[in-house]
Structures are given as C-alpha cells and as structure tokens.
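# Working through the structure, step by step
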Amino acid sequence: MSALSHITGGVLLAGLGVCLATTGAAQGQQADPSEAHFRFERLVGLSHNTVLSIVQDRYGYLWIGTTDGLNRYDGYEFTVYRHDPVDSTSLSSNNVTALLEDRAGHLWVGTEDGLNRFDRKAERFVRYPLASDSLTSHRQGVSSLLEDDAGRLWVGGVGLYRYDPGSGQFRAYRHEPGNPNSLSQNAVWRFYQGRSGRLWVSTGDGVLHAYDPEADHFLRHGLSQAGNFITMLYEDEGGRLWIADENGRARAFEPASGRLTPIPELPPDQGVILVHEDRDRVRWIGTTGGLYRYDPATRSHLLLRPDPSLGAYLPNYVRALYEDRAGALWVGTLSGLFHLDPHAKPFAHLGHDPTDPNSLGSNTVMAVWEDRDEVLWLGTLGGGLNRVDRRTGTVVRYRRRAGDPVSLCHDLVWALYQDRRGVLWIGTNEGLCALDRRSERFTRYTLPLGSAGSIQPSVQAIREDQAGRLWIASKIGLYRLYPQTGAVKWFARPGSDQGGSAVDDSFLQSLYVDRAGFLWMGTFGGGLYRLDTETDVFTRSPLVLTRQKELVSEGIWAFHEDDDGALWLGSDLGLTRFHPQTGALVHYAQRDGLPGSIVYAILEDNLGRLWLSTNLGLVRFDDRLPDGQQFRTYGAGDGLKNTEFNRRAGFKNRRGELFFGGLEGLTAFVPAQIRDNPYVPPVVLTRIQTSNRDTTVSVNPFGLDRLVLSYRDYSVSFEFAALSFTNPTQNQYAYRLEGFDGAWVQPGTRRFARYTNLPPGDYVFRVKGSNDDGLWNEEGVALALTVTPPFWLTWWFRLLVAAAVIGLLTAAYRYRVARLIEVERMRLRIAGDLHDDIGSRLSSIALMSEMVREHVDLPPGEAHRLAQVSKAARELVGALRDVVWFVSPDHDRLDDLAERMRETAGTMLHGTDCSFVGAEKGLPDALSMAFRHNVFLIYKEALHNIVRHARASRVAIRLGTARGTLVLTVADDGVGFDPAAPGSGHGLKSMKHRAEQIGGTLLVESEPGKGTTITLSVAVK
C-alpha cells in the first residue's frame, strides 16, 4: 500500500475564487487571480505524526525525524529506525531533533540523547559522545546541526561542538566566566549561516553569537528586547537577521547598529517558528497557525492549509520546512508531514457536500456554462441549476418547486446556453426554460409534442445559429425557436403533419453550428446529420473508413471544429476527425492511446491541443506529435477527482480555462499550468532477497558492487524505486538481466523483479525508471550478479578431473608401452630360441639323416624313410624360419611384409614369369603379428596352388592399400577351375577361413582354361 495519501487540500486555480479544492484565503483579502497553484498531499504511514526534521540525501531518499524514530521514505513506503536499549548500534533516542548530510555523504542524526552517524552499508548507527565534563554528562541532547561553508560540522544542544573529521573527535566550546569571547551560556538552540557567510549561534539566554574563524572565538550581541530562547534565525537580502523567540515573536536585527525592528514581510499576530526561502526567492513562513507564503512581487501573504472536509489534519504548527531537489516543499508539523509539489497537476474540484449548503446541489454535473459576468452555471443530475459566483465564492442552487410556474422546469439539467442577448437557456429532463437574471424567475417554453405524450421532451442540447435562432435537440426531434417571438418549429420524422425533413427514429444527442452556418447533429444510433438552416434540408453524412466500412456509433456526444474546417467527433467508439468537404476520416481508439472507448466532450486549449473527457479519465491529445505520444491521460493519481465524465459537459471560457463535468462534480483547470514533471528521478535498489531450500535472506543493496549467489539459491528478487515523489504510483520501470533477458522487461508501475534457477555465470541486473510524466532516467542503476556453480562444475574441479584423467591415461600408456616392450623382448627371445635351438637341432637331424643315407648301405625301404625324415626336417626348418620371421618385432612394417612376400614368390615360382608390385605407404607403420601371419599364409597357399595345379606361365602379384584397407591380388594364366564345383580343394577353404579370422574377404575368380585371380581385402586395425 502506498504511503502517500493524495489528500488534495491546497489547490488554488487562477481566478477561481470559489476555491474549488478549498485553500485558505489570505488574511482578510481575496486571493490574487494570478496566484499560482498549490496542492497539498499528506503522507500517511510515518512512525509518528510529529515531524521535527527533514533532509534529502544524495541518493534521493527523504529522511524524516519524528518524536518516535527516524523514517526513510522512497515514495512508496517508510523504513523506520528506532532506539533499542540492548543494541548499541541503534539510535541513541527515538526523539530525532536534527538531520544533516555533510558534503562527504555522511548522514548525521541528532536526538534528544546524543549524536549519531548512520552507516548505510551496515545499516547501523555510530554514536558520538559529546559530554566532556560533569556539567553536560547527564544529557547529550542535540537541537541543531550545521555544516558551514568551510566544511566544518557544528553540533548544538547541551553545549557547542565542532567536529574534526581527521581525528574523529569533537572540540567543545563552553561558557567561560569572565571571557567575553566565549559563549554566554552552554545551552545552544540554533545555528545559521546566511548570505554574508557569517556563522550565527543563539543560546538559551537570548544572546546572539557571531563566530570569528580567524580568532576561533565568538562575538556576543545582547538582545534584551528579543526574549529568551531564540528559536528562529534567517538573514534577508538586506543583511538583516530575522529572529524569533520561544513565543513566536519576531524582530529584525541589524548587526551594524544593533537595532531591533519589526518585519512587515511576516504575517501579523502569528507565532513565527521558521522561515525558508526557496529557489524562486519566495519565502515560506512556518508559524503556530499554519504555513504562509510571502510573494515579494505582490507583497502579500497566503495562508495555505488543506480542506478539513477532505480528512486532512491542518498543518497549524509548522516545525520543519525543506525543499528537495525536485523543487517540492516538505512541511513537517505537529500533525503530520505535508508535501507541496510544484509539478502536481493543478486540477481544481467543486462538488457536493451534504453538510455544506454552499456546495453543489449534486455531485453529478451534466452541463457547464460561464456567462459574460464570469459567473459559472452548472446543471446537475437531481441537484438542479447551480450558480457559482467566482468573486465571492458563493453557490446558489435553483430547484423546481411544485406548483411554482416560474421555478426551474426540472432538477435534472442536461444543457445550458447563453445567447447573444445574454439570456441563459436551460434544457432539462422536462422541457426548456430561460432565466431572467434580474428577477431570478424562469420562463418555461412549450415545445410541440406530436403524439409523444403530454410531458415536455427531454432537451439534450441547445445552440444558436448566425441568424440568432435557437436549435434545440430532444429525444423526439429537432426544434427551432425564435427567441424574440417564442415561435417554435418542430422537425419530426418524414411524413409527419408538422412538415419538413428530419432525422430517423434515433434521438438527437448533440448539436453544433459550424463557421459556414450549417447545423450538425449527433444522434444516438443513427449517425451524423447536417442541416442547411436556410433551406431546412437534412443530409446524412456517413462516416466511412478507408475499407469502405461505415463507422457506426451508438452515440455521437461532442463536436469541435478546427482551423481547417474539419469536425472532431466524440462518440462511444472514440475520437474521429471528419472533413465535410472531402469526406476524409481519421479515427482514434484505444489501440492509439485512448484510455477508454467513450469521448464525452472535446475542448481546444490556447496551444491548439484537444482535451477530451472520457469514461476513464481526462485526455490531452495533440496530433502534431509522433504516434505513441499523441495521447496523455490524467487520472486519480494526478489529483483528478473525476475519472468518469458526462456527455457534452465541457466549457472553455474567454481566459482559456477549461471546465468538465463528471460523476464527482466539476473539474476546472488552466491547460498552460498542466506541465509535465521535468525532474529526472534517481533510481535505487531498495531491497534484495535470495531464497534457497532452507531460508530466505535479505541483502542490503547499498554500496553493493556485486551480488554472489550459490547454485543452491534457486531464487533472487529485486525491489527498486524511482525517487520522484510527485506521483510515485505512476512512475514507470524497465529492467533487464544481461546474460539472461534478451530484451528489456516492461513491468509498467510494478517495481519488483524475480528470477529463479539461474544457470551459473556472470550477469548484470539493470533498472531504469521514470517520473509520473514518463521522463526516464535512462542510466538507472546496475548491479553485477554472479551465480557460483557446484564444485563439480567449477574450473578447478574440472582441472583436477582433467589432471586425473591425464594421469590415468599416462599411466595406462606407460603400462601399455612397458607391456609392448616386454612382448617385443619376449618375441625376440622366442625368435632367438627357435632359431638357435630348435632350428639348429632340425638342421642337424636333416644333415645326419642325409649322411647316414649316403654312407650306410640300407635296404631301399629304410633309405626311403630316412630320406623322408630328412625332407620333413628341412621343411620344418623352412616353416620355422617363417615363424621366427613373424615372431620377430623387427619385421612389423608393411615394407618388411612386402619384401618377405617378394622373396617367397621368387623362391616358389622359380622359372615362372612373375611380376610383384608392392605398396609401402598408406598403412600403419606397425602391423600386428597375427595380421601379418594370416596374410602371408593366405598368400603362400595361393602360390602353392599355382605351383601344384595351375601350370601357369605367367603370374602377377599386387600388394596395395586404399583408405586403410590392404588389398592383395594374385593372378595367373593357368588352367583355371570352377570354384563352385564340388571338391574344389581344401586350400581355398583354409584361405577363406584365415581371411574371416582377420576380418577380411577373399574373392576367387576362375574359369577352366582362363586362369585364376585371388583377391584378399582386409581392413588394418
């Protein structure tokens, strides 16, 4: 709930002597018609309504000292700081008597029990003991704080102290008996440094002291006539020092002569408490009887006080005055804090008060007219006709009296019009009447009824044409009245006995006579009509959109003609610009910026802008502005009492004032005084909250450069405020979390953002804000945000894991290398053993077998068997050489295999024309032993088949590589065979089996008489 209660009391509109929103008038004199507008707003929600001190800090916050704590205000709510007896970092006392922010940005808080400095970042108070002897140790009350032009901090109360920022200590100035340059008394009440730069100090015995900085002592000025306890000091432009005592009696002191003189600028017979001169050099005077404004140009005083009927406390006893950076005046009183804002919209209001006979007869105003004598006439719903005398501020009500033929026709007044003769015509719910101003008697006019009945028709609108004839719109037709003779012509439906042409059955709602003399009529449900008042010919003007679709409205309520001769129409479909000569039509609706769908009245101000009363507020329209900026809506937040207006209830007087009637009375204003707020507000973060599974934590945003969240913090929320106090409920916001949001989020007036489950990373939260009139602080405020990841996603953990993986891979690699080296050593040992031991033994067997066979005479059978043994031994030696070759790690390369295959072909195919083409690139440097062994055995078997069976004369061998695949081709031109024939040979099956073992394929192509080609394809792994 907003802390700001818009109690619109102090409103004075130019020339509106009736005080539509009721300000107090100047004492015994009428308010100046050129007087500026003032609007009181009272803040509710303070810790206490007795306000003693006010200051705005450099960040834009407003600080208010009360008798029950210190309040910080951000435009929406108060944060209260109080004394806690068990907390030494709390305020030293709840009675906050003085506030000051020094040029270093320190906020000093004086209380009835000592001095405090507020630490914003820690949100605690640092207490400064001031007493230094037994005379002052019992109490440390602070009555006044001041920072002089030299940057020295002075503290007054029970003693006088000057703060030394370097040492953090206070120097005490005391009364010294017999020393005329010391204080005359230790009780210090006020400090003041005026235009001359001289520092003045008042003490409890009524003595003024002027501080001499060079001598570091005081010069006394005794003021015997001023009384004790000088509570107010102010220096005017003439160098006079205004002083006031505890009784409010004020005098001017002339330092050069020492004389005391009266002050004519002050209101007489008022207890003066303090004086403030604003940036426009206007003096605001706080008294025991209220707040006065003294205007040097008019030399007059204006007593400003809210209207008691609005429920506001009267600011009768002013204790504090402060002007903030936006130029607003804050008034602290014994009964609350009041806000006078120069940027508040000066909408005046006049309504019905059942306890006040000098108010309107009804709150619902249906018609408005100001006559030539500047008397305001208001037609109401059930409250009759009301006359508002703006010179005297009196309201006279005219009502219908039963049986009185010279009283008002009816208490429901729909229309008002003053003709060129000065006669005021009144259209009521039961007929038409005219008022004789001298006799205050009403003359009733009888309008033809046809078959409508015996009761006079409801008159909705009245207009006068260029010939002085009156046109009256009613629910049963159009009337033309000749005022001088009283003759009336009725324009009814076509074919009626009364003759003439007329509109259809839809009844008339509004009338307008344009500059060319044509009468325009708006109907309810029948559209727009034009009447040639010379020929009495009606023409219907269809409102056709560009798509050839007619704009059909239930009711056309208002007309306005611009300088180009175009008609602006207000209807229940919005705003329409229609040019009668060209038929051009431009339509504006809610999509274009209108707050609602109904426009009840249209008035043009002196700057060429249209003001529209609608069903959802008052709208300013300027079609010269770019799209999106043409409409500006004013509502309750702008001090407007009426948010729903009534049809046709609008009037502009000769001075340019605009009046609109609505459901809550009359709204009046001068458009030139409705100015946009030029103050660009600072934007602050007011609160941060983080939430995890266990708790919710509030974080103080002040001085915070970076907010660090854990991955466990699943939610973070930000609250923020644009510190513009004019109408904070209308301040707009935009925020963005860079690194998360793709674009700015536009929450409107909502000042809260929440993010959940943010991924770990770095972000920047930015907020922009505007004032109530849409002027943005584009820079805003920014806060860096870091969400730390869980340890398993941190860089150091990943680095450790990577190091561990690398270590494991290195260990595995080293182990594999060691194993490979061990295997190679074993292979070398096995190869050596096979070659040196088994090979030599087999060779010995073969050799001894042959020696026995050659030198021993054996039987033929035994000699043959011995030859077989020798042959087998030598074959085993050859096979063993192959095994040793494959086992040895020295022959793992492809070129070694190719060379071995070339040697084998030369040996086995000796005497045969053989070609060998070998590839030595495109495969790994090392081939596994099993791979080489199987490939070689397949190759060797193919050569054996050629030797045994092919009877070939030419053999072509190719060993190639392609994309990691070894391709071996052995082709001969021998006898060939049929591979599909039964019993094609055990060797082919063995070859195919070995090819499958190493993941390869063996293709055999052969035909009888056409040779044989064997192709092995195998991927090298």
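Parameters and conventions
- Along every chain, residues carry numbers that run from 1 in the direction the sequence is written.
- Confidence filtering applies because this is a predicted model: local features only for residues at pLDDT of at least 70, side-chain atom pairs given and counted only at 80 or more, and all residues used for totals across whole chains, interfaces and linings.
- As a rule here, side-chain values come from all non-hydrogen atoms in the structure, and water together with hydrogens is ignored.
- Under the DSSP-based scheme used, a helix requires at least four consecutive residues in state H or I and a strand at least two consecutive residues in state E, with every element numbered from the N terminus.
- Every residue pair with non-hydrogen atoms within 4.5 Å of one another is taken to be in contact.
- Accessibility throughout is a Shrake-Rupley quantity obtained with a 1.4 Å probe, and a residue counts as covered only by protein chains that appear here.
- For this analysis, a nonpolar core means a set of buried residues of the types Ala, Val, Leu, Ile, Met, Phe, Trp, Tyr and Cys, connected via side-chain atoms within 4.5 Å.
- Summary of the burial criterion: residues with accessible area below 20% of their type's maximum are buried, those above 50% are exposed, and those between are partly exposed, where the area comes from a 1.4 Å probe applied to protein chains only.
- Per residue, pLDDT measures the predictor's confidence, with a range of 0 to 100.
- The term salt bridge refers to a pairing of a side-chain nitrogen on Lys or Arg with a carboxyl oxygen on Asp or Glu at a separation within 4 Å.
- By this definition, two strands are paired if DSSP reports at least two bridges between them.
- Axis geometry follows a simple rule: fit a line to the C-alpha atoms, using only the stretch in contact for helices, then measure angles between N-to-C directions, giving values from 0 to 180 degrees.
- Working rule for helices: expected span equals 1.5 Å times residues minus one.
- Angular relationships are summarised with four words: roughly parallel below 35 degrees, roughly antiparallel beyond 145, roughly perpendicular across 65 to 115, and oblique for the angles in between.
- Two helices cross in a left-handed way if the nearer one is turned anticlockwise from the farther one by less than a right angle. They cross in a right-handed way if the turn is clockwise.
- Amino acid classes used here: Ala, Val, Leu, Ile, Met, Phe, Trp, Tyr, Cys and Pro are nonpolar; Asp, Glu, Lys and Arg are charged; the rest, including Gly, are polar.
- Pairing of aromatic rings covers Phe, Tyr and Trp, the last counted by its six-membered ring, and requires centre-to-centre distances within 6.5 Å; plane angles under 30 degrees mean stacked, over 60 mean edge-to-face, and any other angle means tilted.
- By definition, no residue in a patch forms a salt bridge, and every one has over 30% relative accessible area; like charges are joined within 9 Å, nonpolar side chains (Val, Leu, Ile, Met, Phe, Trp, Tyr) within 5 Å.

### Topic: the overall build of the protein
The helix and strand tally for the protein stands at five helices and 71 strands. Of the contacts made within the protein by residues no fewer than 6 positions apart, 55% connect residues no fewer than 24 positions apart. When the accessible surface of the protein is summed, it comes to about 47,100 Å², and 50% of that surface belongs to carbon and sulfur atoms.

### What about the nonpolar core?
By size, the foremost hydrophobic cluster in this structure holds 50 residues, and its most contacted members are W63, L70, W330, F718, F720, Y755 and F765. Residue contributions to this core peak at five residues, all from strand 61 (residues 715–722). If near-sequence neighbours (up to four positions away) are discounted, F718 is found in contact with R687, I688, L707, R751, F752, A753, Y755, F765 and L783. Within the second largest apolar cluster, 42 residues are counted, among which are W377, L416, V459 and F659.

### Things to note about the confidence of the model for the protein
Chain-level pLDDT for the protein is 84 on average; 84% of the residues reach the 70-or-more range. Here residues 307–313 scores under 50 on pLDDT; set against residues more than four positions off or in separate chains, the count is 17 contacts. Taken together, the stretch residues 493–500 has pLDDT below 50 and engages in 10 contacts with residues farther than four places along the chain or on a different chain.

### Observations concerning unusual backbone geometry
Even without glycine at this site, E123 takes up a positive phi of about 55°. Of note, E123 is situated in the loop between strand 9 (114–119) and strand 10 (124–128). Judged by its relative accessible area of 38%, E123 falls in the partly exposed class. The phi dihedral of R951 falls on the positive side, at around 50°, and the residue is not glycine.

### A short note on the pattern of salt bridges
Under the defined criterion, the tally for this structure stands at 50 salt bridges. Residue R399 is joined to D411 by a salt bridge in which the shortest nitrogen-to-oxygen separation is 3.3 Å. Of this pair, R399 sits in the loop between strand 34 (394–398) and strand 35 (413–418) while D411 sits in the loop between strand 34 and strand 35, and the two are 12 residues apart along the sequence. Between R632 and D773 there is a salt bridge; the shortest N-O distance is 2.1 Å. Of this pair, R632 sits in strand 54 (residues 631–634) while D773 sits in the loop between strand 65 (761–770) and strand 66 (776–787), and the two are 141 residues apart along the sequence.

### What to know about the sheet that holds strand 58 (residues 683–691)
Taken in spatial order, the four strands of this open sheet run 59-58-61-64, and their pairing is antiparallel. Every interior strand has two partners, whereas the edge strands, strand 59 (696–699) and strand 64 (752–756), have only one. On average, each strand axis in the sheet is inclined to that of its neighbour by 20°, with strand direction left out of account. Both strand 58 and strand 59 contribute to a ladder of four bridges, which runs antiparallel.

### Some thoughts on helix 4 (residues 929–950)
The terminal C-alpha atoms of helix 4, which comprises 22 residues, lie 30 Å apart, in line with the 32 Å expected from a rise of 1.5 Å per residue. The set of residues buried in helix 4 consists of F931, R932, N934, V935, F936, I938, Y939, A942, L943, N945, I946 and A950. A positive backbone phi angle near 50° is found at R951, which sits one or two residues after helix 4.

### Some points on the packing of helix 3 (residues 894–908) against helix 4
In the contact formed by helix 3 and helix 4, the axes pass within 11 Å of each other and the chain directions differ by 20°. Between helix 3 and helix 4, the angle falls in the class roughly parallel. Seen along the crossing, helix 3 lies across helix 4 with a hand that is right-handed. Side by side, helix 3 and helix 4 meet where L897, R900, M901, T904, A905 and M908 of the first sit next to R932, V935, F936, Y939, K940, L943, H944 and V947 of the second. Residue composition of the contact of helix 3 with helix 4, by class: nine nonpolar, two polar and three charged.

### So, the environment of V781
For V781, the position within the fold is in strand 66. Spatially, the C-alpha atoms of V781 and K768 are 6.8 Å apart, while their sequence positions differ by 13 residues.

### Remarks on the packing of aromatic side chains
By the definition in use, this model includes 58 aromatic pairs. Aromatic side chains F347 and F669 sit 5.2 Å apart centroid to centroid with 80° between the ring planes, which places their arrangement in the edge-to-face category. With F347 in the loop between strand 29 (336–340) and strand 30 (348–350) and F669 in strand 57 (residues 665–669), the pair connects residues that are 322 residues apart, well separated along the chain. By relative accessible area, which is 2% here, F347 ends up buried. Judged by centre distance (4.7 Å) and plane angle (40°), the rings of F621 and F631 are tilted. Within this pair, whereas F621 is found in strand 53 (residues 617–621), its partner F631 is found in strand 54, the two being separated by 10 residues in sequence.

### A look at the sheet that holds strand 19 (residues 232–235)
Taken in spatial order, the four strands of this open sheet run 19-20-21-22, and their pairing is antiparallel. In this open sheet, the two edge strands, each paired with only one partner strand, are strand 19 and strand 22 (259–261). On average, adjacent strands in this sheet sit at an angle of 30° to one another, irrespective of strand direction. Sheet topology places strand 19 next to strand 20 (residues 241–244); four bridges connect them, and they run antiparallel. Note that in strand 20 the partner of M232 across the bridge is A244.

### A short note on helix 3
An ideal rise of 1.5 Å per residue puts 21 Å on 15 residues; helix 3 measures up with 21 Å between its terminal C-alpha atoms. Of all the residues in helix 3, the buried ones are L894, D896, L897, A898, R900, M901, T904, A905 and M908.

### Thoughts on the pairing of strand 17 (residues 207–212)
Of all six residues making up strand 17, five are buried, and the element is well covered by its neighbours. Bridge analysis of strand 16 (residues 199–203) against strand 17 gives three bridges, and the strand direction is antiparallel. If you follow S202 over to strand 17, its bridge partner there is L208. Count of turn residues in the strand 16/strand 17 antiparallel hairpin: three residues, of which G206 carries a positive phi of about 80°. With six bridges joining them, strand 17 and strand 18 (residues 217–222) adopt antiparallel strand pairing. Directly across from V207, in strand 18, lies its bridge partner G222. The hairpin formed by strand 17 and strand 18 contains four residues between the paired strands, and D216 there has a positive phi angle of roughly 55°.

### Observations concerning the pairing of strand 34
Sheet topology places strand 33 (residues 385–389) next to strand 34; five bridges connect them, and they run antiparallel. Bridging across to strand 34, R387 finds its partner in V396. Taking the residues that link successive antiparallel strands as the turn, the strand 33-strand 34 hairpin has four residues, and the phi of G393 there is positive, at about 80°.

### Considerations on a nonpolar patch on the surface
Residues Y711, F791, W792, L793, W795, W796, L799 and L800 make up a contiguous nonpolar surface patch of about 890 Å² in total accessible area. Mapping L799 onto the fold places it in helix 1 (residues 795–855).

### Some remarks on the side chain of N727
One can find N727 in the loop between strand 61 and strand 62 (733–738). For N727, a relative accessible area of 1% corresponds to the buried category.

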